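Topology and contacts: notes
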2 protein chains.
Amino acid sequence: MLATIVQKFGGTSVGDVTKIKRAAEKVKAAMEAGNKVVTVVSAMGKSTDALVGLAQDISEHPDKREMDMLLSTGEQVTMSLMVMALKEIGIDAVSFTGWQAGIKTEPIHQNARIMGIETDRVQSALDENKAVIVAGFQGMTESGEITTLGRGGSDTTAVALAAALKAESCSIFTDVTGVYTCDPRTAKKARQLHSISYDEMLELANLGAGVLHPRAVEFAKNYNVPLIVRSSMVDKEGTIVEEEASMEQNLAVRGLAFEGAVTKITIEHLPNNFNTMSNVFSALAESGIDVDIIIQQMTGKNEMNISFSIHTHELTEALSILEKNKEELGYEHIRHEDNLAKVSIVGSGMVSNPGVAANMFTVLSEQEVSIKMVSTSEIKVSVVIPEVDMVKSVEALHTAFDLDVREEAKVTS
Amino acid sequence: MLATIVQKFGGTSVGDVTKIKRAAEKVKAAMEAGNKVVTVVSAMGKSTDALVGLAQDISEHPDKREMDMLLSTGEQVTMSLMVMALKEIGIDAVSFTGWQAGIKTEPIHQNARIMGIETDRVQSALDENKAVIVAGFQGMTESGEITTLGRGGSDTTAVALAAALKAESCSIFTDVTGVYTCDPRTAKKARQLHSISYDEMLELANLGAGVLHPRAVEFAKNYNVPLIVRSSMVDKEGTIVEEEASMEQNLAVRGLAFEGAVTKITIEHLPNNFNTMSNVFSALAESGIDVDIIIQQMTGKNEMNISFSIHTHELTEALSILEKNKEELGYEHIRHEDNLAKVSIVGSGMVSNPGVAANMFTVLSEQEVSIKMVSTSEIKVSVVIPEVDMVKSVEALHTAFDLDVREEAKVTS
């Protein structure tokens, strides 16, 4: 029996007809190497931006259901072109939208999670030795509504399909050659990793490293699907994400992530009730607002402040939800501070290396960077700082934690 | 109980964001006039051409199933933008793709016919007083494959929905103000008709007048749905297509249609068997080749020639099918002649006016136009002529059959 593999091509890897043809050649090669191949595709390059632009010309806050209707066309265009490209090079192929591929999601628009996959249709196409091309990023609810999975959701589609089909691996073809210690576009000395554990990758993904969607990594971890991050342009070994990262380096910090466009919101003088935290964050969660770091601070016997960070683009909605619930929540007023960034260090070696957080703060203080918020876990430390200081902080931390590329390992791409 | 009406906006009527907003205003007006409104939309202006262009960059003969996947995204984009535009002006609305609207088609790609409509989902949205926006041109087969209805299929979607919902009428908003005696872009003296019968419209639609899709007219006739053709730009009375055209004018010829890009194929020296005709045209029909005029001519005791006309864009496929079946069909060789056009005169008065065809031939002979094929029905006469003579023939016939606009009725648009 042939092994089934899943591969995913992101927007830049299918950005034009030439790139779609190149991706088709990779699918062909994978089939000729003796695999059954399921390929998940994103929308072509900037096509999603073009659709979003149309919507914004009509409405400042376009309806979420209709945004899903609109944006889900992007992958549908790519998948049909990909099949045409495969047929041109002699490979029988068939495309499926999210709903045709049996991808069932929860009934939430723009940020739905996959609840399950009915693989019958994909499986029977594989049984007929067809290359199967699936539209990433989208699914359908029980009641037949089209949903999308939110940013980077095509990765999740790919991993979920790999899990459901019990695939041997899931390759994520992208515009970088693998996972780096830090985003190489910013940190010039960033080094590519041969392997990384799910947990480390999860922290890096969650922290905005941007190579993989965090849900995709979580899915891969839960179903133990080996993930391979590799370049769609260069034929080069990628980075494998799997349970046990190889012991290539016993570093406390394996990688560094950062993201801009962070806003800190502070709700002042809230009553100190048992349900205060729950009320605040349930209200936000119901609207799908993605809250990151949360800090609670007592300001009196029966009063507290809550601060939390969100993506700046969700600020308007977050404020309007809090405003609407002002009476119920019982707070006095809200402040917010934007133009912030989050910088994080990640590594599973951290747990056995005390003082890593302290080192981080020292490096930042030497750079005269003011720290607005801190959050820690077993394998990461995150700080929220002014966005203007983001790049210099990243570079200083990358060097301080010994992540800079070594001469002998220098990437020549 | 409120009346249900269906309206359809073609590609030029939703060609950009401004036009979509204008169409939304028309939907709002129809609802405020006390109707439940279902609106069928086409793909935005040239967006279908752009998608076809992408496909052709990849494949000379793109897979038909995948073309349906590709092209059906066009209406999905329009419908979601239309809902956003409606919500902006305070109208609650919801969009449905073809499959969500319950439009069931036969399992033929690129040219499927509607087999039935399950209206539950549309009806319950109407019951909630929502404006319902449906993607035209598309449907789904029993087995969950996306199909498209072929050229002008959005008209068919609109009429079929009107029939299924027992709507009071179906308005087709387009870039002309109504049905004319002839295409006013070519025949400068063309006159707008106040009304026209289904049969006359059917002949005109079939003959390439282009205002309405023939299947849409057929559907409207079969289910007795009054069709109104009107402008999306100008607020002006349109043309109503209904069972009994008003007796405004007792003309033998009510309209004139024409189309270019016609090719005549002649199969020479076929055996004169009972099943010869059936074999030839079944083979073509199975591949969805649209054969128009057919002429059979005996060339010997047991031999015949068959000539037929098709759209020039189907020539390659038609020839390859005939070539593939050469042995079975038993013919000697095939000739074809392109750069032809078809010109037709239509009118239900024709049946009681002998000599109409003869008049037509006389007019053409005065213009020194050579006639390649002739076809007649009770209410029309069609001729195939060189494409280069098309416009002058149309103009001469329009004048000869007294169709030219009269001074007092001149359209001021």
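Residues numbered from 1 in each chain as written. Chains lettered and ligands numbered in written order. Predicted model: local features only at pLDDT ≥ 70, side-chain atom pairs only at ≥ 80, totals over all residues. Heavy atoms only, no water.

**Describing the interface of chain B and chain A**
Residue-level contacts link 42 residues of chain B with 42 residues of chain A. Across the interface of chain B and chain A, roughly 3200 Å² is buried in total on both sides, 66% from carbon and sulfur atoms. Seen at the junction of chain B and chain A, the total is 4 salt bridges. Residue R121 of chain B is joined to E145 of chain A by a salt bridge in which the shortest nitrogen-to-oxygen separation is 2.9 Å. Viewed at the interface, chain A and chain B are joined by 20 residue pairs in polar contact (both at pLDDT 80 or more). At the level of secondary structure, the elements contributing two or more residues to the side of chain B that touches chain A comprise α1 (17-32), α2 (47-58), α3 (64-88) and β3 (93-96) of chain B. Here the side of chain B that touches chain A is built from residues that sort into 22 nonpolar, 10 polar and 10 charged. (Contact = heavy atoms within 4.5 Å. Buried area = accessible area lost by both parts, 1.4 Å probe. Salt bridge = Lys/Arg side-chain N within 4 Å of Asp/Glu carboxyl O. Polar contact = N/O pair within 3.5 Å; in protein donor to acceptor, adjacent residues only side chain to side chain. Helix = DSSP H or I, 4+ residues; strand = E, 2+ residues; numbered from the N terminus. Nonpolar A, V, L, I, M, F, W, Y, C, P; charged D, E, K, R; others polar.)

**Digging into the UniProt feature "binding site: substrate" (unreviewed entry) in chain A**
All names here are of chain A. Following the UniProt record, the feature "binding site: substrate" (unreviewed entry) maps to T48 and E75 here. A maximum C-alpha distance of 9.1 Å among these annotated residues, which run over 28 residues, shows that they cluster at one spot. Position of T48 among the secondary structure elements: in helix α2 (residues 47-58). For T48, a relative accessible area of 23% puts it in the partly exposed group. Ignoring sequence-local partners within four residues, the contact set of T48 consists of A43 and L71. Here E75 is to be found in helix α3 (residues 64-88). By relative accessible area, which is 3% here, E75 ends up buried. Leaving out residues up to four positions away in the same chain, E75 has contacts with V41, S42, A43, A135, G136, F137 and Q138. (UniProt positions renumbered as here; feature names shortened; annotations may be inferred. Buried < 20%, exposed > 50% of the residue type's maximum accessible area, 1.4 Å probe, protein only.)

**Digging into the sheet that holds strand β6 (residues 131-135) of chain B**
All names here are of chain B. Reading across from one edge, β3-β6-β2-β1-β9-β11-β12-β10 is the order of the 8 strands in this open sheet, with mixed pairing throughout. The open sheet terminates on both sides in strands that have one partner only, identified here as β3 and β10 (195-197). Across the sheet, the axes of successive neighbouring strands diverge by a mean angle of 20°, strand direction being ignored. Sheet topology note: the strand β9 (residues 169-174)/strand β11 (residues 227-231) ladder contains 5 bridges and is parallel. Bridge pairing in β11 places I172 opposite V229. (Pairing = 2+ DSSP bridges. Axes fitted to C-alpha atoms, helices over the stretch in contact; angles between N-to-C directions.)

**Some points on the domain arrangement of chain A**
All names here are of chain A. Here chain A is described as being made up of domain 1 (3-175) and domain 2 (256-400). For domain 1 versus domain 2, the separation of C-alpha centres amounts to 34 Å. Contacts between the two partners involve 4 residues from domain 1 and, on the opposite side, 5 residues from domain 2. Buried area between domain 1 and domain 2, both sides added, is near 220 Å², and the carbon and sulfur share of it is 35%. Taken together, the links from domain 1 to domain 2 amount to 1 salt bridge. As a salt-bridge pair, E317 and K64 come within 3.9 Å of each other at their nearest N and O atoms. (Domains from an automatic or database assignment.)

**Quick word on the nonpolar core**
Within the largest apolar cluster, 76 residues are counted, with the highest numbers of intra-cluster contacts made by L81, M82 and L86 of chain A together with L81, M82 and L86 of chain B. In contact with L81 of chain A, other than residues within four places in its own chain, are I20 and M44 of chain A together with L54, A55, I58 and L70 of chain B. (Core = buried A, V, L, I, M, F, W, Y, C linked by side-chain atoms within 4.5 Å.)

**Concerning the relation of the copies chain B and chain A**
Taken as rigid bodies, chain B and chain A are interconverted by a rotation of 180° and an axial shift of 0.0 Å, the fit giving an RMSD of 0.0 Å. Taken together, the turn and the small shift mark the pair as related by a two-fold rotation axis. Nearest to the rotation axis, the C-alpha of T73 of chain B is located 2.6 Å from it, this being the minimum over chain B. Of the interface residues in chain B, 100% have counterparts in chain A that sit at the interface too, so the contact is made through matching surfaces. (Least-squares fit on C-alpha atoms with pLDDT ≥ 70 in both.)

**Digging into the pattern of salt bridges**
By the definition in use, this model includes 39 salt bridges over all chains. Bridged by salt links that share partners, the residues R65, E66 and E145 of chain A together with R121 of chain B form one connected network.

**Digging into the UniProt feature "binding site: ATP" (unreviewed entry) in chain A**
All names here are of chain A. Per the UniProt record, "binding site: ATP" (unreviewed entry) is annotated on K8, F9, G10, G11, T174, D175, Y180 and R185. Relative to the elements of secondary structure, T174 occurs in strand β9 (residues 170-174). Given a relative accessible area of 12%, T174 falls into the buried group. Dropping the residues within four chain positions of it, T174 is found in contact with S13, V229, R230, S231 and S232. Polar side-chain contacts of T174 include one of 3.1 Å to the side chain of D175. Judged by relative accessible area, which is 44%, D175 ranks as partly exposed. Sequence-distant contacts of D175, that is, excluding residues within four places in its chain, are made with T12 and S13.

**With respect to helix α4 (residues 120-127) of chain B**
All names here are of chain B. Taken together, the buried positions of α4 are occupied by V122, A125 and L126. The arc that holds every buried residue of α4, seen down its axis, measures 100°, which confines them to one face. As for α4, its buried residues are in contact with β1 (3-9), β2 (35-41), β3 and β6. One or two residues past the end of α4 sits N129, with phi positive at roughly 60°. (Arc of directions from axis to C-beta.)

**Observations concerning the packing of helix α1 (residues 17-32) of chain A against α2 of chain B**
The contact between α1 of chain A and α2 of chain B brings their axes to 10 Å, and the two run at 50°. Overall, the two elements α1 of chain A and α2 of chain B adopt an arrangement that is oblique. The handedness of the crossing between α1 of chain A and α2 of chain B is right-handed. Residues V17, I20 and K21 of chain A of α1 of chain A lie in contact with α2 of chain B, whose contacting residues are L54, D57 and I58 of chain B. Broken down by class, the residue content of the contact of α1 of chain A with α2 of chain B amounts to 4 nonpolar, no polar and 2 charged. (Parallel < 35°, antiparallel > 145°, perpendicular 65-115°, else oblique. Left-handed = near helix turned anticlockwise from the far one by under 90°.)

**Here we look at the environment of S307 of chain A**
Residues and elements named next belong to chain A. Relative to the helices and strands, S307 resides in strand β15 (residues 303-311). Since its relative accessible area comes to 10%, S307 is described here as buried. Between the C-alpha atoms of S307 and I334, which are 27 residues apart in sequence, the distance is 9.6 Å. Of the polar contacts made by the side chain of S307, one reaches the side chain of T266; its length is 3.0 Å.

**Some remarks on the pairing of strand β17 (residues 373-377) of chain B**
Residues and elements named next belong to chain B. Across 5 bridges, the pairing between β17 and strand β18 (residues 380-386) is antiparallel. Counterpart to S375 in the pairing with β18 is S382. Hairpin connection from β17 to β18: 2 residues lie between these consecutive antiparallel strands.

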